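Examination of the molecular architecture
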Amino acid sequence: MSWMKLLSAAIVVAALAYKIREKAMAEPPIPELDPDPWWGPGAREKGDSSVRPFKIDISNKDLDDLKARLALPLRLTPPLEKANFTYGMNQDTLKEIVQHWRLKYDWRKRETLLNFYPHFMTKIEGLEIHFMRGKAQTKGAKDIKVLPLLLIHGWPGTFVEFYDIMLLLTTPQEDSNVVFEVICPSIPGYGFSQGSAKQGLGHMETGQIFLKLMKRLGYDQFYLQGGDWGSIIASSMATMYPENVLGVHLNMFVANTLGTNLKLILGAFLPAGIVVSHEDQEKLYPLTEKIGMFARETGYLHLQATKPDTIGAALNQSPVSLAAYILEKFSSWTHKDNYKEVDGGLLHKHFPIDLDKILDNICIYWFTGSITTSMRYYAENFSPKSMANNVESIPCRVPSAMSAFPHDLLNQPENFVAHKFYDIVSYSDQLVGGHFAAMERPKLLARDFHKFVNIVESRVK
Ligand SMILES: *[C@@H]1O[C@H](CO)[C@@H](O)[C@H](O)[C@H]1NC(C)=O
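The sections below set out a description of the structure shown in this document. (Residues numbered from 1 in each chain as written. Predicted model: local features only at pLDDT ≥ 70, side-chain atom pairs only at ≥ 80, totals over all residues. Heavy atoms only, no water.)

**Some thoughts on the overall build of the protein chain**
Looking only at helices and strands, the protein chain features 19 helices and nine strands. In terms of overall dimensions, the protein chain is globule-like: its C-alpha atoms have a radius of gyration of 24 Å, near the 23 Å expected for 461 residues. When the backbone C-alpha atoms are referred to their principal axes, the protein chain occupies close to 90 × 55 × 50 Å. When the 461 residues of the protein chain are sorted by exposure, 53% land in the buried category. Look at the contacts in the protein chain between residues 6 or more apart in sequence, and 80% of them connect residues 24 or more apart. Carbon and sulfur atoms provide 58% of the accessible area of the protein chain, an area that totals close to 22,200 Å². Put simply, the protein chain has 49 plus and 50 minus side-chain charges, and the middle of one group is 2 Å from the middle of the other. (Helix = DSSP H or I, 4+ residues; strand = E, 2+ residues; numbered from the N terminus. Rg over C-alpha atoms; globule rule 2.2 N^0.38 Å. Buried < 20%, exposed > 50% of the residue type's maximum accessible area, 1.4 Å probe, protein only. Contact = heavy atoms within 4.5 Å. Areas by Shrake-Rupley, 256 points an atom, 1.4 Å probe, with all protein chains shown as cover. Lys, Arg positive; Asp, Glu negative; His and termini not counted. Charge placed at Lys NZ, Arg CZ, Asp CG, Glu CD.)

This is how it looks when you write it as structure tokens:
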């Protein structure tokens with residue numbers, strides 16, 4: 001072959017490669033949202049942008065009503081012999097927990113604790129949005145930087161998830177030159193944040209509401225940390241409003257780009273070490289085992305993404321039913337083998353979350369009657385319109401970090417999420433902990449977060 005032919009062949013190949021690369025590299029557009037929607041009932045009203053102090057103060061009437069319902073004879077079904085939590089919430093365990101809730105758990109005492117951090121309400125896009133605020137305390141330390149942080153919970157969580165980590169974020173910590181002014185909002189339809197009256201309020205719309213909240217409080221730029229829906233909301237905020245986000249830190253995280261998905265498939269066939277490192281193998285494979293685990297653990301998701309109001313009617317009518325539904329998630333998502341335990345691990349003295357804190361969380365759902373609106377969030381986020389936007393595939397260029405807890409539902413290796421997060425500052429593989437990281441391992445999560453922000457802040461800007 002003459003050198004001319006070789007050269008033209010090389011040019012054709014280069015042009016083709018360039019074309020393919022260009023196509024693969026074309027970024028999906030950032031979705032455009034209505035900048036000023038109205039989610040409240042009925043027609044738009046005149047705006048009220050005041051921020052009002054709020055106290056958790058459940059009425060005696062509501063408290064008596066809960067007590068009366070808990071005192072009703074239980075209509076439980078004996079579990080199958082030796083099944084433990086294989087069939088879901090074991091009703092012997094449920095009976096024990098309900099008894100504790102009725103006789104030992106003291107709501108008024110818990111309420112005082114829950115009011116330790118100040119709470120506020122403000123109206124955004126037609127909805128009353130609740131948030132808790134942790135004031136940064138430098139404790140006289142010099143050269144310590146105060147930075148705003150938006151801390152976002154998930155399902156079936158609430159702001160209650162953050163009581164332990166709050167102190168570690170708002171006060172000086174060893175090896176850290178920063179403390180945080182923490183704003184911890186409730187997702188619309190969760191706890192004290194009003195649920196939307198209109199269809200279509202998903203994670204992107206929530207991101208816009210939270211951005212308006214931060215701006216209203218005087219924070220144009222801030223850090224983000226989230227798990228579960230909090231992770232999805234934080235990641236979409238970092239993608240959509242890079243100019244407002246100083247950095248985003250996630251526990252539980254997924255990218256959904258072409259590159260990530262190709263790697264996932266290739267990794268299933270190729271030996272370890274080629275696309276997925278030996279250490280990362282167990283996060284994703286064996287695929288059949290992971291798919292089986294995923295099918296076992298995500299029935300709730302399918303239900304909530306399609307018919308949330310049906311299951312909502314059942315759960316909002318009885319505190320016992322509501323507790324069964326939420327408790328089972330705390331059992332399954334803290335350790336994947338908990339279903340083998342007689343009590344799902346929940347009553348074990350080494351269970352990573354105090355039972356009363358789980359009951360606080362359940363009480364918030366009960367008293368606010370928000371389980372149905374919280375579950376509708378799945379329907380909104382899995383709607384064809386929301387899925388078409390696929391924010392998980394759009395590159396995010398703000399400084400990012402991930403804490404991978406081994407018993408979480410889903411964590412991708414660093415080289416997978418790198419297809420979405422272009423500036424990964426730190427990625428830490430924890431040895432213990434599951435889905436409710438802020439509740440289970442507040443110290444580990446806080447340490448990762450401080451480390452991340454210190455690195456970002458030390459960069460020359
Ligand atoms: C349930 O717990 C018992 C007692 O610890 C154990 O013997 C049994 O194997 C467990 N069942 C399952 C399905 O793991």
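**Topic: the site of the ligand**
Close to the ligand lie K82, N84, T86, K340 and V342. Between the ligand and K82 there is a distance of 3.1 Å, counted from a nitrogen atom to a backbone nitrogen or oxygen. Note that an oxygen atom of the ligand is positioned 2.4 Å from one of the side-chain N or O atoms of N84. Calculation on the ligand without its partners gives an accessible area of 360 Å², and the protein chains cover 44% of this total. The residue inventory of the shell around the ligand, partitioned by class, reads one nonpolar, two polar and two charged. (Near = heavy atom within 4 Å. Polar contact = N/O pair within 3.5 Å; in protein donor to acceptor, adjacent residues only side chain to side chain. Nonpolar A, V, L, I, M, F, W, Y, C, P; charged D, E, K, R; others polar.)

**As for the packing of helix α2 (residues 60-71) against helix α3 (residues 91-103)**
Close contact between α2 and α3 brings their axes to 10 Å; oriented N to C, the two are set at 145°. The handedness of the crossing between α2 and α3 comes out as left-handed. The segment α2 lies against α3, with L66, L70 and A71 engaging V98, W101 and R102. The class makeup of the residues in the contact of α2 with α3 is five nonpolar, no polar and one charged. (Axes fitted to C-alpha atoms, helices over the stretch in contact; angles between N-to-C directions. Left-handed = near helix turned anticlockwise from the far one by under 90°.)

**Comments concerning the layout of surface pockets**
Over the atoms, a rolling probe the size of a water molecule traces out where space has been left empty. Of the volumes computed, that of the largest pocket is approximately 1,500 Å³. Looking at the largest pocket, it is lined by 46 residues, and the ones nearest its centre are V254, F294, L409, L410 and N411. Elements represented by at least two residues in the lining of the largest pocket include exactly α7 (229-240), α8 (258-269), α9 (281-284), α10 (287-297), α11 (299-306), α15 (371-381) and α16 (384-389). Broken down by element, the lining of the largest pocket gets its largest block of residues, six residues, from α10. Across the lining of the largest pocket, the residue classes tally to 24 nonpolar, eleven polar and eleven charged. Taken as a whole, the second largest pocket holds about 370 Å³ of empty space. Taken together, 20 residues make up the lining of the second largest pocket; nearest its centre are G88, R296, E328, K329 and S332. Contributing elements (two or more residues each) for the lining of the second largest pocket: α10, α11 and α13 (319-334). When the residues that make up the lining of the second largest pocket are grouped by side-chain class, the tally is seven nonpolar, eight polar and five charged. (1 Å grid on protein atoms, 1.4 Å probe; cavity = no way out; pocket = protein on both sides within 12 Å on 5 of 7 lines; lining within 4 Å. Points joined across faces, edges and corners; volume = space filled by probe spheres on them.)

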